[in-house]
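# Structural overview
So you can see what is in the structure, the chains are spelled out below.
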Amino acid sequence: MLEIISNYWLTFLIGQYPNGPLGGLAMTMIVAVLSILMSFPIAIGIAMARLSAWGWLRMASAALSSFVRGIPLLMLIFWCYFVIPIMTGYAVSGFWTLVAALTIYEAAYLSEVIRAGMAAVPKGQTEAARSLGGGYFLTLRSVVLPQALFNVLPGITSQFISTIKETSLGYVIAVNELTFAANQVNNQLLTQPLQVFTILAAIYFLLCFLLSRGLSALEFSIRRKRGLI
Amino acid sequence: MKIKNIFCAAMLALPLGAGAVHADALDDIKARGTLICGTLGTSEPFSFQDAATRTLVGYDVDICKLVADSLGVDVEYKLLAVAARIPELDSGRIDILAANLGWTPERAEQIAFSHQYYVTPQKLLVRADSDIQTIDDLVGKRVGATKGSSSEQLIQQRLPESRVIGYADSPATFLSLQQRKVDAQFASELVLVRLVNQSPESAPTRILEQSVVDEPWGLGLRKGEDALLAEVNTALEEAEASGEAAALFDKWFGEDTAYGLTRSFQIQPIAAD
Amino acid sequence: MDFLLPADQMAMLLWGLRTTVLLFTVAWVGAFALAVILVTVRATEYRPCRWIVDAFVAYHRNVPLLVQVMFWYFGMPEILPEGIRFWLYDHNAEFSLAAIALALGSSAYQAEDIRSGLRAIPATQFEAARALGCNYLQTMRFIVVPQALRISLPPLVGRALLLFKNTSVAMAIGVAELTYRTREIENMTFKTFTVFGIATVLYLLGTFALMGLGAWLERRTTPGRKERRHA
C-alpha cells in the first residue's frame, strides 16, 4: 500500500496537472467549494419563500424543495447532464454539470437548515424591528439572518462535508475528481482495488474529519469572543 | 400527478425537439469544415490519452480521422461518458459516434449503424485452477460482467439459468473473480488478454477458447442522415479495399502490440440476423 | 406505459424498484436498531465505550457511502472463514453486504439525531425516574427514549429519505436495484430520456410516500394540537 501511495500520491492530489487537466483532491475541493458558495444565496431565497406570508409562494417553494430532495443525486446529475445543454444550447462540461447538480441539490437541503434557523429567531425580534420602521428586507438582513445563520453554523458545516463526499458521484459523468483519480490508478494497477479503496477512504476521512473539527473549533472561538459561552 | 405529467411531457418533447434542429448533417459538416466525432477517451486501445504526448490516440480515433479525410474536412474529437453517448448524438452536438457501439437490433431502432469497423469476440475468463472448460459448464453459476457494456445482456441470453452480476468496471469484476464471488468474467477478448497478462502469479487465470458471441461494432449516426451514412460507409469500404483498415488494425491490435491478435473480420454491412 | 417501454422492460424496472424498497427496508430496520444501541452505549459513563461509538460515527460521517459499500463488498468477506464466505456468495452476497454497509452508514447519522433528541430531555426527568425506583434500562425505555424519539422524528424522517435514495450506490457492486436496472435498460435500448424519466418518477413516488408517512407520524405523536405556523 505504501508503494501505491509513493507512486501515485500526485495523481490522488492533483490528477494529471500540470501536464493534463487538474484533478484529484484539488478538483474535489474546487467543486465542493464552488457548489456550496453558489447554493448559499439560492438556499436563503428558498428559505425566505418558505417562510413567506404568501401561501402560493410557500407552496411553490415547498414543492420545489421536496422535488429536489425526492430524487437521488445520481439521477439529478444525469438529468443536468442531458438537459442543461439542450436548454441552454451550449455544450456544458462535466465539471459545470456536476457543480450545477450539486448546487441545486445542496440549495434544497441548505434551505431546510436555514429555514429552521430563521424560524428559531424569536418572533418578538421581527415585530420589534418592524414596529421601529424597518422594512422586510432590512429586518431580514440586519436582525433575522445574522442570528439565524450563526445559529445554524453546525448544520451548514455538515452540509459542506456532505457536499465533499457527494462530489464522488462525479465519476459517472467522468469528472476528474478524487474517486475518478482512484479509479484511474485502479485501472493501471488492475489487481489491487482493495488497497486503492482503503487509501481513498483514508483521504476522504482525513479531509472531512479535519475540516469539520476545524470549522467547529472556529465556531467555538467566535462564540467565546462574542461572550456567548 | 402534476409532476408526473410534466415529466412525461419533457420526456417526449426533448428528443423530438433536439432531432428537428439539424436537417442534413452532411451539409452542416461540409459547411463548417469539421466532423465532430464523439469518443470515450478512456478505452484503451480504442480511444485513450497517450501518456507521453497527452494527445488522444487509438483505433476509434484513427477511424474517425479516416472518415473525415474521405469527406475532405477536419476532425474534432469530443470526449463522452458511456451514458452520454446517445443523448449527445441526438442533440446534434456530435455528428458521429466511435465509442464501443456494439450492434443490437434494439439499439439499431434508436440510431443508425455504419458498416462494422471492428468485431470483438466476447469470451469468458476463469481462474486457472477452476474445473470449468466450456461455456455450458457455467450453467447455474455466477458470471461477472461490466455494467454499461453490452456484455451483460449477451451473457444473460446465452446462459439464462446463471446469475449475471454487473460491476462498475473491469478491475472490480476481476477482483470478484479472484475472490470467488463469481465463477467467470465475461468481457471482450481484448480486456481479458490484458487481465491474463496482469494476473498475479499466485492467482493465474485463463480464457475459455470458445467465444460466446462475436459482437460487431459500428459507427453511430442519427437516424435519417442517409447522405452522411452513405458517405461514411463509402469511406470505410475504400479503406478496406486499399488495405488502410487492415493496417490500422495491425497498428493497434496486431503482432507488435500487447494483444497480438490477427484480423478475423472485414469491413462490411452488419448482417441483421 | 406500453408506448414508452415494452411490458417486459417495464417489469424489469419494477423489479428493480422492488429490490430498492427491500434493500431500504432491511437497511433501515438494521440501522435504527443499531442506532438505538449506539446511543445507549454512548450514554453510559464508561469512557472506552464512548470512544468506540465516536470513532464509529466519525468514520461513517466522513467517508463517502460509495467507498464504504466497496469496502464491505471487497474487503470484509476476506476475513471470514472460507465455508461461511462461500455460503454467503451462494446466497446473494451483494444484497446482504450492501444492506450491511447502508445500515451501518445510516445508523451513525440516526444515532446522532437520536442523541440530539436525548439531550433535549431535561436531566431532572431522568433523575426523577431513578428516584422513583426505575433502573437505568427502565428509565431509558419508558421515560427518556419515547420523548427523545418524538423530538428526533423530523431528522429521522430526513435520514430515511436519504437512505432510500442512497440505495442507488449499491449499483456499484451489482445489486440489481432501480438505478442498476435503469442503466441496464438504457444501455439495451438507448431510450435514455424515457428510461431515466420513468425511474425518476418511481423514485419520487417512493420518497413522497415516505414524506407522507413521516408527516402522519409527526401528527400522531404530537401531544395535543399545536398550531404550527411561521408567518
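Heads up: the structure comes first, above all this text.
Here we summarise the structure given alongside this text. Being a predicted model, the structure only gives us computed values, none of them experimental.

Moving on to the overall build of chain B. Per the secondary structure count, chain B includes 10 helices and 12 strands. Counting across all 273 residues of chain B, residues that qualify as buried make up 45%. When contacts within chain B are restricted to residue pairs at least 6 apart in sequence, long-range pairs at least 24 apart make up 71% of them.

Turning next to the interface of chain A and chain C. For an interface, size is often stated in terms of accessible area lost upon the parts coming together. With 25 residues of chain A at the contact, the number on the chain C side is 27 residues. No other element matches the 9 residues that helix α10 (residues 193-225) of chain A contributes to the side of chain A that touches chain C.

Attention now moves to the sheet that holds strand β2 (residues 42-43) of chain B. Residues and elements named next belong to chain B. The strand order across the open sheet built from 3 strands is β2-β3-β4, with neighbouring strands paired in antiparallel fashion. Both edges of this open sheet fall to β2 and β4 (56-57), since each of them pairs with a single strand only. The pairing of β2 with strand β3 (residues 47-49) spans 2 bridges and is classified as antiparallel. Bridged to serine 43 within β3 is serine 47.

Okay, the interface of chain C and chain B next. Counting from both sides, the interface comprises 26 residues of chain C and, opposite them, 27 residues of chain B. Counting only elements with at least two residues in the side of chain C that touches chain B, the list comes to α4 (82-90), α5 (93-119), α8 (178-189) and α9 (192-221) of chain C. When grouped by side-chain class, the residues that make up the side of chain C that touches chain B number 13 nonpolar, 7 polar and 6 charged.

Here we come to the packing of α10(A) against helix α2 (residues 47-62) of chain C. Interhelical geometry of α10(A) versus α2(C) gives an angle of 105° and a closest axis separation of 8 Å. Of the possible angle classes, the one that applies to α10(A) and α2(C) is roughly perpendicular. The residues of α2(C) that touch α10(A), namely those facing Tyr204(A), Phe205(A), Cys208(A) and Phe209(A), are Ala58(C), Tyr59(C) and Asn62(C). Its residues assigned to classes, the contact of α10(A) with α2(C) shows 6 nonpolar, 1 polar and no charged.

So, on to helix α3 (residues 65-74) of chain C. With 8 of 10 residues buried, α3(C) is to be regarded as a mostly interior element. When we look at burial in α3(C), the residues that qualify are Leu65(C), Leu66(C), Val67(C), Gln68(C), Val69(C), Met70(C), Trp72(C) and Tyr73(C).

What follows is about the nonpolar core. The biggest cluster of nonpolar side chains holds 186 residues, and the ones touching the most others in it are Ile77(A), Leu200(A), Ile96(B), Val69(C) and Ala98(C). Element by element, the count of residues in this core is highest for helix α5 (residues 94-120) of chain A, at 14 residues. Both domain 1 (2-119 + 215-253) and domain 2 (121-213) of chain B contribute no fewer than three residues apiece to this core. If sequence neighbours within four positions are ignored, Val69(C) has contacts with Ala98(C), Ala101(C), Val169(C), Ala170(C), Ala172(C) and Ile173(C).

The rules behind these values
- Residues numbered from 1 in each chain as written.
- Chains lettered and ligands numbered in written order.
- Predicted model: local features only at pLDDT ≥ 70, side-chain atom pairs only at ≥ 80, totals over all residues.
- Helix = DSSP H or I, 4+ residues; strand = E, 2+ residues; numbered from the N terminus.
- Buried ≥ 20, exposed ≤ 12 C-beta atoms within 10 Å, placed from the backbone.
- Contact = placed C-beta atoms within 7 Å.
- Pairing = 2+ DSSP bridges.
- Nonpolar A, V, L, I, M, F, W, Y, C, P; charged D, E, K, R; others polar.
- Axes fitted to C-alpha atoms, helices over the stretch in contact; angles between N-to-C directions.
- Parallel < 35°, antiparallel > 145°, perpendicular 65-115°, else oblique.
- Core = buried A, V, L, I, M, F, W, Y, C linked by C-beta atoms within 7 Å.
- Domains from an automatic or database assignment.

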